[in-house]
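Notes for the structure review
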Amino acid sequence: MEKGNLARWLKKEGDKVKSGDVIAEIETDKATMEYEAIDDGTLAKIVVPEGTQDVAVNSVIAVLASDDEDVKAAASGAKSAPQAAPQAATKLASAPVPKSAAEKPAPAIVLSAPTASSAPSQPPKGGNRIFSSPLARRLAKEANIDLNRVRGSGPHDRVIARDIEQAKSGKGLRAPAGAPAGGATIAPAMSDVQIRSLYAEGSYELVPHDGMRRTIAQRLTASVQTIPHFYETMDCDIGRLMVAREEINAAAPKNKDGTSAYRLSVNDFVIKALALALQRVPDANVSWTEAGMLKHKHSDIGVAVALPGGLITPIVRNAESKSLSAISNEMRDLAMRARERKLKPHEYQGGTSSVSNLGMYGIKDFTAVINPPQSTILAVGAGEERVVVRNGKIEAATIMSVTLSCDHRAVDGALGAELIGAFKTLIENPVMMVV
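None of these values were measured; they are calculated from a predicted model.

A few words now on the pattern of salt bridges. Taken as a whole, this structure holds 16 salt bridges when the rule is applied. Taking the shortest distance from any N to any O, the salt bridge between Asp-15 and Lys-12 comes out at 3.4 Å. The closest approach of N and O atoms between Lys-424 and Glu-428, which form a salt bridge, is 2.8 Å. In this pair, Lys-424 and Glu-428 are both assigned in helix H9 (residues 413–428), four residues apart and thus about one turn of the helix distant. The exposure class of Lys-424 is partly exposed, given its relative accessible area of 24%. A single salt-bridge network, built from bridges that share partners, covers Asp-235, Glu-384 and Arg-386.

Turning our attention to the sheet that holds strand S12 (residues 229–237). If you trace the six strands from one edge of the open sheet to the other, you get S12-S21-S20-S19-S15-S18, paired in mixed fashion. At either end of the open sheet lies a strand with only one pairing partner, and these are S12 and strand S18 (315–316). Of the strand pairs in this sheet, strand S15 (residues 301–303) and strand S19 (residues 353–357) are connected by three bridges, and their pairing is parallel. From the neighbouring strand, Ile-301 faces S19, where its bridge partner is Ser-353.

A few words now on the pairing of strand S5 (residues 41–46). Of all six residues in S5, five are buried, a share of seventy percent or more. Bridge count between strand S2 (residues 16–17) and S5: two bridges; the pairing is antiparallel. Bridge pairing in S5 links Lys-16 to Thr-42. The pairing of S5 with strand S7 (residues 60–65) spans four bridges and is classified as antiparallel. Its bridge partner lying in S7, Ile-46 is registered against Ala-62.

Val-270, Ile-301, Leu-378, Val-402, Phe-423 and Ile-427 are the most contacted members of the largest nonpolar core, which has 54 residues in total. Ranked by the residues each element gives to this core, the list is headed by helix H7 (residues 266–280), at nine residues. Apart from residues no more than four positions distant in its own chain, Val-270 is found in contact with Val-355, Leu-378, Val-380, Met-400, Phe-423 and Ile-427. In terms of nonpolar packing, the next biggest core, distinct from the first, is built from 16 residues, Leu-6, Ile-23, Ile-26 and Tyr-35 among them.

For helix H8 (residues 324–339), with 16 residues, the first-to-last C-alpha span of 22 Å sits near the 22 Å given by 1.5 Å per residue. Those residues of H8 that sit buried are Leu-324, Ile-327, Ser-328, Met-331, Leu-334, Ala-335, Arg-337 and Ala-338. Against the buried residues of H8 lie H7, S15, strand S16 (305–307), strand S17 (310–312) and S18. Arg-341 sits one or two positions beyond H8 and adopts a positive phi of about 60 degrees.

This brings us to the pairing of strand S3 (residues 22–27). Two elements, strand S1 (residues 3–9) and S3, share four bridges in a ladder whose sense is antiparallel. Counterpart to Leu-6 in the pairing with S3 is Ile-26. Relative to strand S4 (residues 32–36), S3 runs antiparallel, the two being bridged by five bridges. From the neighbouring strand, Glu-25 faces S4, where its bridge partner is Glu-34. Adjacent in sequence and paired antiparallel, S3 and S4 are bridged by four residues.

Cut-offs used in this document
- Residues numbered from 1 in each chain as written.
- Predicted model: local features only at pLDDT ≥ 70, side-chain atom pairs only at ≥ 80, totals over all residues.
- Heavy atoms only, no water.
- Salt bridge = Lys/Arg side-chain N within 4 Å of Asp/Glu carboxyl O.
- Helix = DSSP H or I, 4+ residues; strand = E, 2+ residues; numbered from the N terminus.
- Buried < 20%, exposed > 50% of the residue type's maximum accessible area, 1.4 Å probe, protein only.
- Pairing = 2+ DSSP bridges.
- Core = buried A, V, L, I, M, F, W, Y, C linked by side-chain atoms within 4.5 Å.
- Contact = heavy atoms within 4.5 Å.
- Expected span 1.5 Å × (residues − 1).

This is the structure:
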């Protein structure tokens, strides 16, 4: 997190605040987070009004007066509050309460995060800092140019404005990290200016990226550039599953309002089958790290949920030990809160594998990009009637194609085949998932 939107204040100036009170809502690129006060006192001054967009991490958003402090005096000291901002907090936090407003500035409530914009504005590369002028940084941001790849022509190799202008035309660029040896180079990506120059002025509308789209772009680009993907596809006969699903849903108990206590979807079976398959093939339930392999004890399955302008992957924890009805109800709740941007970070971060299901859109088969730090993701297509041959006879069957994407550093071809084979066995025999 580098910045957030201050969506709403739940307290107003002059209100008493106790530790644990939710006083504001902060929108990140993925969710709306509640900020809880960690000190008692009075909200002396709101520095950043609600509705403010792109509030930088470590910027002061409010001033809190302690119980023995004059509220007006604390509010008047708001301008000096940034000096009290903590440098390495893990969430929105309050600076220590001063003994007297005359001695120290009032405590500032600041927006802060573990990986915040408090990092140097000159990005590190290979352990060295890339020095650049403020104008060069602004021009690079506007043109979507990575400063790490720009050769500086200023004093001490400092990147200056003319270097950015050259970079726009593809000149003066360093080879990207991990470029192939032997003199081979990778052509740099086209700059924004170059792309726009290919289209007539007025023939397009520029829609700025929001935080979610930028995060998705960064994570997926990093995934395909750093993870060696390979893919394995199998066709699964889900005829028995469809029959079992109808019977289970028909037999579901009713709530007091007459609605069914649960309604299973094909995706619920997919989640459960993948979770159990990872338990049957534990060597594939891993995450790659440079120091060693993380072998996970549980199957925490992420499920891609489409949102306006992007997607998020909430996680069903310990899915191997949950019933199909529990998975169904949990996924319904997670998906609803995901679309409302109300998920908390622990509900969509981590996981040991994921499911991406486009069957409801009629997609027959596709490949999905692995969500780091996971090592696999299962892409699920539509169940459809196809002609099959059984015992020399041509028959119709309901077939669903699934494709497993694997991180070749952690999961080899044969191991991936074991995993998708275990999934096929389970999904084709749903009774094995309930015993």
